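Chain and residue survey
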Amino acid sequence: MASSSVSPIHRSFKYDVFLSFRGEDTRKNFIDHLYSALHQKSIHTYKDDEKIKKGKRISDELIGAIADSRFYIIVFSKDYASSSWCLEELVTIMEYQKMTEHTAYPVFYDVEPAEIRKQSGAVEKAFAKHKHEKEEDIEKWRKALKEAADLAGWELKNSVDGHEAKFIRKIIEELSLELRSINFSIDKKLVGMETRIQGVVSSLGIGFRDVRMIGIKGMGGGGKTTLARAIFDQICHKFDGKSFVENVKEDSKPSLSGLKSLQKQVLSDVLNDDHTIISSVGDGKILMKKMMSNKKVLVVLDDVDRIEQLEALVGEPDWFGKGTRIIITTRDEQLLVAHRVKLIHNVNLLSHEEAICLLSRYAFGREIPSQGYEMISKQVVHYASGLPLTIRVLGSFLCGKDKQEWADAIERLKTIPLTETLEKLELSYNGLEEDYKEMFLDVACLLKGETKDYAILALESCGFYARNGLKVLQQKSLITIDHNYDNEECVGMHDHIEEMGWNIVRRMHPDKPNQHSRLQSNKDIEDILTKDLGTDATRCIQLRTKKLDPGFIMEGLKKMKELRYLDVCVEKDIDANICGRLPWNWKFNKVSPYFPNTIRYLRWRTYPFRSLPRTFQANDLVSLEIDYSEIVQLWEGGQKKVLNKLKFLDLYNSRLRTLDLGLTPNLKTLTLRGSNDLVELHMRVGCLKLIYVDISCSKLRILDICAAENLEVLVLKNCYDLVELHMPNACLNLRSIHLSNSKLRTIDLRQALNLEILRVEECDNLVELHMHRRCLNLRRLVLIDSNLRTLNIGKTPNLEYLNLGNNCNLEELHMADECQKLAYVNLSYSKLRTLDLRLAPNLMKLELTNCCNLLELKAPIEFLKKLLYLNLSGCSRFSSFLFETTDDIFRSVVSPSDELHLVAKSLEICPFHPESNLPKLRFECFYKKSPPALNKNLEKLISFGLCACTNFETFSGSICGLQNLRNLTLEGGIPEAPKDLHQLKHLEELSLLSTNIKNLPDNICMLKHLKSLKLESCWLLEKLPEDIGRLECLENLTLSCAEIKHLPDSICTLKNLKSLVLFCWFLEKLPEDLDRLKSLEKLSLSSTKIKDLPHSIVMLKNLESLELNRCSLLEKLPEDLGRLERLEKLCLIKCKLIQDILNNIRNMGRLQELHLEGGGIIHLPQSIILLKGLCILGSRELLESFGFTSTIKTTEDQTLCYLYV
């Protein structure tokens, strides 16, 4: 741990402060009080009448004291300058002040700085006493006085209203800060400390007046003490008293005398009094409360391990004054909880980068490994696993050693653990009770990395109180509870703590594995089993192997009479197991299975035998888990045994055909998943403790679980043959059911009134589902791919998730009451006609894809305010409607990227109302990002129903009320444009395609942000609004209209217009002031009746494309067309009357394309050859007539020829 920046190394001084003063003026008042305050703050101070010994020359002692002091406080009084002693002392101080690391501070007690600087006023009178002194002495004294007066210091007259006590407090505070900034320099070898300090200090809340206790918890060697010390050093100056009590665990032994000693230490530290007498711990408590209740103190208790220590040293908050902070470090979180410590910090181990840096500082004296040691340093860090203690020890040990010695050390650590680390860690283990010690060793040797649920099952099977035990181990910092990728709680443990556990198991017989209580090493286990070396010492075995013959395992177990835990996995191809092919070359009839009768927990993956052995009494067996096995019947020879202690039975992927649960009266969980041959399951009276059943992928046709009245979870996935399910008459504890791919026609759950999760998937035959009318605990209901027509889910106030997708015949859904918590609803492909969203006011996701019959969504105002996802695609009104966002939809500021796009297309007929005369519209709608008033927009869009029939007035009002609509497209037989288009203040694109609109509303000119206006195939449109020039942001204007004869003159005021496309059959002329369109880059005229182009067209300096297509009446081009110097494309397609292109075309230096297809051009000017790279397009005959032959090419579709000049 610690700081990645290295602090400078400061010189060590004997004194923190040297006091310079004139005794007769201030010794018995100000100086006495100041000295006492400095002493109270543990600031080591030199004061001449206290320190100079008799018989010594004062000058020598004084100079030595000045030289050995870091700070000088010079107290100037009215008569200070009258003393030559004081002035000589000042001269010496000012000489040292100029040196590094000495600082002088003047205190102007009853004089002003100007009087000292100029020796005026009272100072002048005092200084006059030296008129007979040597001139050179007077001069140096004057200089010293002036230099001192120029320094930053403190003036009583102008500070804290002249109150001496407050003045002294101010001096102490500022001086303490200076000392702290110098003294608090984090050990240069530590790494990453600043961030950890900051995290704890922020939670201390320095400045608040409450009494606050915080805990720092972590494993041994993790840096708790280091962190606490660094925090203490950084903040202690802010308190009236302070005490850092180290090694509380060790120093409090024996209990009473040790605690008294620690109580005395705290009082002595805080009060600066070594004479405190404590007669008993109880007396110490009373005395501590009495002496510290009015003091703001900082106390650190390091390495606490018993509650008695906290009760004796920091018993109650009212023992201490306001603002007190108490920091407690411990390995046992429960101590902190029991003492009502609310703020607990876990010490984070070092990251890889921090560990490398820390190792480098100890091993190499630098930030990074020395060249050539990079890879081997990573190996050391990997071994240390972020533990600072291990890294420091190894770094110091490896310092100065060569790479071979490093390699030897790493190799040694694989078999011989680092003693110093293990001794530190084992302190936590030694403090455990005996049963917790056994549980710890089981976790360290067998269960590390397993899920918490599995660890509890295994430990409980072995007779331990697992839940409480794991909590104790966690609080003692011996294990961690983390989450894996599946968000399951898992038992974790630091590598060195695991190593400590194995060391405890092995150290009594390091070379005799058969004497170890726990075995996990494949080599050791195989050696013991094959050589028949088993002993009573072995309690637990965990074996993972690919080669060991199961026969040897069985033979080797016979001498292990005390074995309680057996976990075996002989790996093989699971597919081969399913097909009945065994990988081992041995015969079953040569080997009889054997298990010790003491076994309580038995797990065997790929068990090769067809039954459990007859000799196995299993009287103590609690958990039996045999996966991917060859088991056909549970007991050899069909024997029946009552297993009174068996609680957990898992025969996953077995060949079992029948099972009688009457022989397991205390069974709690049953897993037969993947037992594809299972056809009978007998569940008689006596299964009252059964809480979990999973019989997925079986061949059961009938399942009767009436005897399992306390069942909590039922899983029946992929039971393709299941036709009958008989539930208990009372199943009040049933919380979760998962059914899939069955042949059930009816499911009766009316007795399961406490159900929380119900999943029924792909049960195509299901026509009836009966639920209790009050499922008050139901949170998730998934019912997909059934044949239900109606569903009544009753009163479900806690329902959060409802998925009824792909129920293609579902016509009715009944909900008895409002579901405040319902956030997700999926009704895709249903036949519902109406949906009342008032019952789900907090809905966030709604999936209604292809609900073709849905006509009405009842969604009152504000009921959609939390909606993040809505899909109406495939409904009658919406061919495409998908909104999805993860953004905050309640933003108060509209983002420029918020967009709503809407496309409306007319239909010929409405499938629900074929006789209706109303306009029929279908929409495509999508969002980009999320408008802040999203819910209002959605309400408007669905407010006029989901049927295609549309009341146009209602439609118009709803469309124009949409906020942040950026793109609006209306397509098809729409009779008129919405009247209130001007309300769409954010509209940027408006497209009217193939509509029946005759006139646009004048208020369209109020769309200040409109950038694109497309009026395509609007053959009935007669004119544009006269004020269209008010669309100041318009960049693109496209007109495809038959009736328009002229354009309004105001069109020439569109200063931002870049593209003007006109396909207007009856358009006769363009406005004369076309040159005012300064930004125009494209002008396209098609099929117009224009005869002449306005001469102003040649003034369009930014025009890049001029397209004149099928303008059959156009006779000529403007004579000055060559002035369009930026023109890149010129099209004269089928302009029959234009025969010549003027010679000034040569001025169009940027011209790249010239289209002459089907026109009347019969001559090209000779100057055209100057336009190098120009592409001319037309028929082959035309191009050849111009004299081009060999360079003519044909387009891919063979419709046009072209050449490059």
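Residues numbered from 1 in each chain as written. Predicted model: local features only at pLDDT ≥ 70, side-chain atom pairs only at ≥ 80, totals over all residues. Heavy atoms only, no water.

Turning our attention to the overall build of the protein. Scanning the protein from terminus to terminus reveals 30 helices and 53 strands. Looking at the protein as a whole, 52% of its 1205 residues are labelled buried. Residue pairs in contact within the protein that sit at least 24 positions apart in sequence constitute 49% of those at least 6 positions apart. Accessible area of the protein: about 55300 Å², with a carbon and sulfur share of 47%. (Helix = DSSP H or I, 4+ residues; strand = E, 2+ residues; numbered from the N terminus. Buried < 20%, exposed > 50% of the residue type's maximum accessible area, 1.4 Å probe, protein only. Contact = heavy atoms within 4.5 Å. Areas by Shrake-Rupley, 256 points an atom, 1.4 Å probe, with all protein chains shown as cover.)

What follows is about a negative patch on the surface. A contiguous patch of negative charge on the surface is contributed by Asp1002, Glu1026, Asp1027, Asp1049, Glu1072 and Asp1073. Looking at the element boundaries, Asp1002 is found in the loop between β43 (989–993) and β44 (1012–1016). Note on Asp1002: relative accessible area 60%, which makes it exposed. (Patch = residues over 30% accessible without salt bridge, like charges linked within 9 Å, V, L, I, M, F, W, Y side chains within 5 Å. Salt bridge = Lys/Arg side-chain N within 4 Å of Asp/Glu carboxyl O. Lys, Arg positive; Asp, Glu negative; His and termini not counted. Charge placed at Lys NZ, Arg CZ, Asp CG, Glu CD.)

Spatially, five strands are ordered β7-β8-β9-β6-β10 in an open sheet, and the strand pairing comes out parallel. Of all strands in the sheet, those with a lone pairing partner are β7 (241–245) and β10 (343–346), marking the two edges. With direction set aside, neighbouring strand axes in the sheet form an average angle of 15°. Packed onto the sheet, helix α10 (residues 224–235) meets β6 (212–217), β7, β8 (297–304) and β9 (325–330) and runs at close to 165° relative to β7. (Pairing = 2+ DSSP bridges. Axes fitted to C-alpha atoms, helices over the stretch in contact; angles between N-to-C directions.)

With that out of the way, let us pick up the pattern of salt bridges. Counting across every chain of the model gives 47 salt bridges. As a salt-bridge pair, Lys140 and Glu88 come within 3.3 Å of each other at their nearest N and O atoms. On the criterion of sequence distance, the pair formed by Lys140 in helix α7 (residues 135–149) and Glu88 in helix α4 (residues 84–97) is long-range, its members being 52 residues apart. On the basis of relative accessible area, Lys140 is assigned to the partly exposed category, the value being 31%. Residue Glu1107 pairs with Lys1129 through a salt bridge whose shortest N-O separation is 3.6 Å. Note that Glu1107 is positioned in strand β48 (residues 1105–1109) and Lys1129 in strand β49 (residues 1129–1131), a separation of 22 residues in sequence. Through salt bridges with shared partners, a single ionic network connects Glu450, Arg544, Asp567, Arg603 and Glu625.

Attention shifts here to the side chain of Ser1096. Assignment of secondary structure puts Ser1096 in the loop between β47 (1082–1086) and β48. Residue classification places Ser1096 among the buried positions, given a relative accessible area of 10%.

Attention now moves to helix α25 (residues 522–530). Within α25 the residues assigned to the buried category are Ile525, Glu526, Ile528 and Leu529. All buried residues of α25 project into a common sector of 165° when viewed along the axis, lining one side. Lining the buried residues of α25 we find β13 (518–519), β14 (540–545) and α26 (550–556). Just downstream of α25, Asp532 is the residue with a positive phi angle, here 55°. (Arc of directions from axis to C-beta.)

Read across the open sheet, the five strands follow the order β2-β1-β3-β4-β5; overall the sheet is parallel. Looking at which strands have only one partner, the edges of the open sheet turn out to be β2 (45–46) and β5 (154–155). Contacts from helix α1 (residues 23–40) reach β1 (15–20), β2, β3 (69–76) and β4 (103–108), with the element oriented near 170° to β1. Together, β1, β3 and β4 form the strand contacts of α4, whose direction differs from that of β3 by roughly 140°.

With that settled, consider the side chain of Glu155. Within the fold, Glu155 resides in strand β5. No salt bridge forms around the buried Glu155; measuring N to O, its nearest opposite-charge neighbour Lys157 is 5.8 Å away. One polar contact links Glu155 to Asn158, side chain to side chain, over a distance of 3.0 Å. Residues contacting Glu155, with those up to four places away along its chain left out, are Phe108, Glu112, Pro113 and Phe167. (Polar contact = N/O pair within 3.5 Å; in protein donor to acceptor, adjacent residues only side chain to side chain.)

Another aspect to go through is the packing of aromatic side chains. If you walk through the whole model with that rule in mind, you get 28 aromatic pairs. Between Tyr373 and Trp406, the aromatic rings sit 5.4 Å apart at their centres with planes inclined by 65°, giving edge-to-face as the arrangement. Here Tyr373 is found in the loop between α16 (352–363) and α17 (374–384), whereas its partner Trp406 is found in helix α19 (residues 403–413), with 33 residues between them in sequence. Given a relative accessible area of 14%, Tyr373 falls into the buried group. (Phe/Tyr/Trp six-rings, centres within 6.5 Å; stacked < 30°, edge-to-face > 60°.)

Here we come to helix α24 (residues 495–506). Its twelve residues give α24 an end-to-end C-alpha distance of 16 Å, which sits within 8% of 16 Å, the value for a rise of 1.5 Å per residue. Buried residues belonging to α24 abut α17, α18 (388–398), α19, α20 (419–430), α21 (434–447) and β13. (Expected span 1.5 Å × (residues − 1).)

So far we have only geometry, and geometry alone does not tell us how the molecule works.
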